[in-house]
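Letter by letter, the chains look like this.
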Amino acid sequence: RSALAPEGRPRVGARPTALPDAPKVLPAPPVRPRPAPQRLSYSSLGAYGRCGYRFYLQRLLRLPAVQPPPRPDAEATPALAPTTRGSIVHALLEELDFAHPAAPTADAVRAVAGQWDVELSNDEVQDIRDLVTAFAASPLCARLAAARRTRREAPFAFGLEPGGGGPLVTGFLDAAAIEPDGGILIVDYKSDHLEADPADVVERDYATQRVVYALAALRDGAPRAEVAYCFLERPAEPVTRAFTASDIPALEEHVTGLARGMIAGEYPVADVPHRELCGDCPGRAALCSWGEEMTLREPAPANRNGSL
């Protein structure tokens, strides 16, 4: 109280004019809120949805991923990084003629790999050719061929708020096709090495991505949006989910809930940690509230009840 209303003291050598004493407590500077982002990518929303704390460590603090400890029964680490393998496969699928699909030649695979400065072994070339060939024979490829119109690497953007305002949610679709009934088929290629049921992998790793894709199509006026994940190691078993206009409120609630947490600076730790999520997280060993008996356990089957 005395700091807020200090007593005056006379100034030496002058008439006794009262001057306030220096305040004992300096007022705190005003807190300036961080400006809200103008764009939110579906990848950032997905990463935040999986674990807000890992999102904070990697996207805001820029901490690099770490090498996870090997599994006791793990096979030798492949020479070709999974991300590079996936990029090469996606580039080849961008050039695939859905109506007359043909496997890429070995020379074509090596030429694409050269864009990433990668020299492939004969086995790696054959592995990539097999993935592209498998999609060429899949039911999803046939549906894309029969569509009225198909776009590859199709960009999308929509306003976060129901009326179309707020930050833009942006991203790209591997393939988007308008089918004969006017509905939109969205196909996402996955080159993951499958160690679980494809449906469990989608629920665990791509649930938010699926919501964003469906909302983008429905906001664009599609009467139906079907999102299909094609795991190229098992292309005959796509994981599909269809949405209609009646699903828009639930989809919007899911996306705005995640965005609200990001904008407010809330970064909660994942409720269900496991090796696939936490193994290479920079906070796993010393910064996370979960112990390694949880962060290095194998993922349990996903709970699909009530998920979008």
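All values reported here derive from a predicted model rather than from experimental measurement.

J.: Please give an account of the overall build of the protein chain that cites residues and values.
T.: Across its full length, the protein chain holds 11 helices and eight strands. Within the protein chain, buried positions represent 40% of all 308 residues. Contacts in the protein chain between residues at least 24 apart in sequence constitute 66% of all its contacts with a sequence separation of at least 6.

J.: Now, about the nonpolar core: what can you tell me, with residues and values included?
T.: Ranked by size, the top nonpolar core spans 42 residues in total, and within it Leu45, Phe156, Val212, Tyr213, Tyr229 and Phe231 carry the most contacts. Ranked by residue count, the leading element in this core is helix α8 (residues 207-219), at eight residues. When sequence neighbours within four positions are dropped, the list of residues in contact with Phe231 reads Lys190, Asp192, Leu194, Pro198, Val201, Val202, Tyr206 and Val239. Counting 30 residues, the second largest nonpolar core, distinct from the first, contains Ala91, Phe98, Leu144 and Val187.

J.: Give a detailed account of a nonpolar patch on the surface, specifying residues and quantitative values.
T.: Together, Leu60, Leu61, Leu63 and Leu287 make up a nonpolar patch on the protein surface, roughly 300 Å² of accessible area in all. Along the chain, the position of Leu287 falls in the loop between α10 (275-278) and α11 (292-295).

J.: Describe empty space enclosed by the protein, listing the residues and the values that go with them.
T.: With a probe scaled to a water molecule rolled over the atoms, the places where space remains empty come into view. This structure, assessed with the given rule, holds one cavity of 30 Å³ or more. In this structure, the largest cavity occupies an estimated 100 Å³ of space. Cys51, Arg54, Cys278, Cys281 and Cys288 are the residues nearest the centre of the largest cavity, which is lined by 14 residues in total. Every element with two or more residues in the lining of the largest cavity is listed here: α2 (52-60) and α10. Partitioning the lining of the largest cavity into residue classes produces 10 nonpolar, two polar and two charged.

J.: Got a sec to walk through the side chain of Arg275? Specific residues and values, please.
T.: Structurally, Arg275 can be placed in helix α10. Classification of Arg275 by relative accessible area gives buried; the value is 12%. Residues within four places of Arg275 in sequence aside, it is in contact with Pro68, Pro69, Pro70, Arg71, Thr295, Leu296, Arg297 and Glu298.

J.: Explain the environment of Val202 to me, and be specific about the residues and the numbers.
T.: Examined against the element boundaries, Val202 turns out to sit in helix α7 (residues 198-205). You can call Val202 buried: its relative accessible area is 0%. The spatial distance from the C-alpha of Val202 to the C-alpha of Phe231 is 9.9 Å, given a sequence separation of 29 residues. Leaving out residues up to four positions away in the same chain, Val202 has contacts with Ala207, Arg210, Tyr229, Phe231 and Val239.

J.: Go over the packing of aromatic side chains with me, naming the residues and quoting the values.
T.: The geometry of an aromatic ring pair is captured by two quantities: the separation of the ring centres and the angle between the planes. As enumerated under the stated definition, the model contains 12 aromatic pairs in all. Pairing Tyr56 with Tyr267 gives two aromatic rings, centres 5.0 Å apart and planes at 35°, and the pair type is tilted. With Tyr56 in helix α2 and Tyr267 in the loop between α9 (248-264) and α10, the pair connects residues that are 211 residues apart, well separated along the chain. Relative to Tyr229, the ring of Tyr206 has its centre 5.7 Å away and its plane inclined at 20°; by these criteria the two rings are stacked. Placement of the pair is Tyr206 in the loop between α7 and α8 and Tyr229 in strand β7 (residues 224-231), with a sequence separation of 23 residues.

J.: Describe the pattern of salt bridges, listing the residues and the values that go with them.
T.: Taken as a whole and judged by the stated rule, the model has 15 salt bridges. The partner of Glu292 in a salt bridge is Arg284, with the nearest N and O atoms 2.6 Å apart. According to the relative accessible area criterion, Glu292 is partly exposed, its value standing at 36%. When salt bridges that share partners are traced, they join Arg143, Glu179, Asp181, Arg224 and Glu226 into one network.

The rules behind each value
- Residues numbered from 1 in each chain as written.
- Predicted model: local features only at pLDDT ≥ 70, side-chain atom pairs only at ≥ 80, totals over all residues.
- Heavy atoms only, no water.
- Helix = DSSP H or I, 4+ residues; strand = E, 2+ residues; numbered from the N terminus.
- Buried < 20%, exposed > 50% of the residue type's maximum accessible area, 1.4 Å probe, protein only.
- Contact = heavy atoms within 4.5 Å.
- Core = buried A, V, L, I, M, F, W, Y, C linked by side-chain atoms within 4.5 Å.
- Patch = residues over 30% accessible without salt bridge, like charges linked within 9 Å, V, L, I, M, F, W, Y side chains within 5 Å.
- Areas by Shrake-Rupley, 256 points an atom, 1.4 Å probe, with all protein chains shown as cover.
- Salt bridge = Lys/Arg side-chain N within 4 Å of Asp/Glu carboxyl O.
- 1 Å grid on protein atoms, 1.4 Å probe; cavity = no way out; pocket = protein on both sides within 12 Å on 5 of 7 lines; lining within 4 Å.
- Points joined across faces, edges and corners; volume = space filled by probe spheres on them.
- Nonpolar A, V, L, I, M, F, W, Y, C, P; charged D, E, K, R; others polar.
- Phe/Tyr/Trp six-rings, centres within 6.5 Å; stacked < 30°, edge-to-face > 60°.

This is a description of form; function is not addressed.
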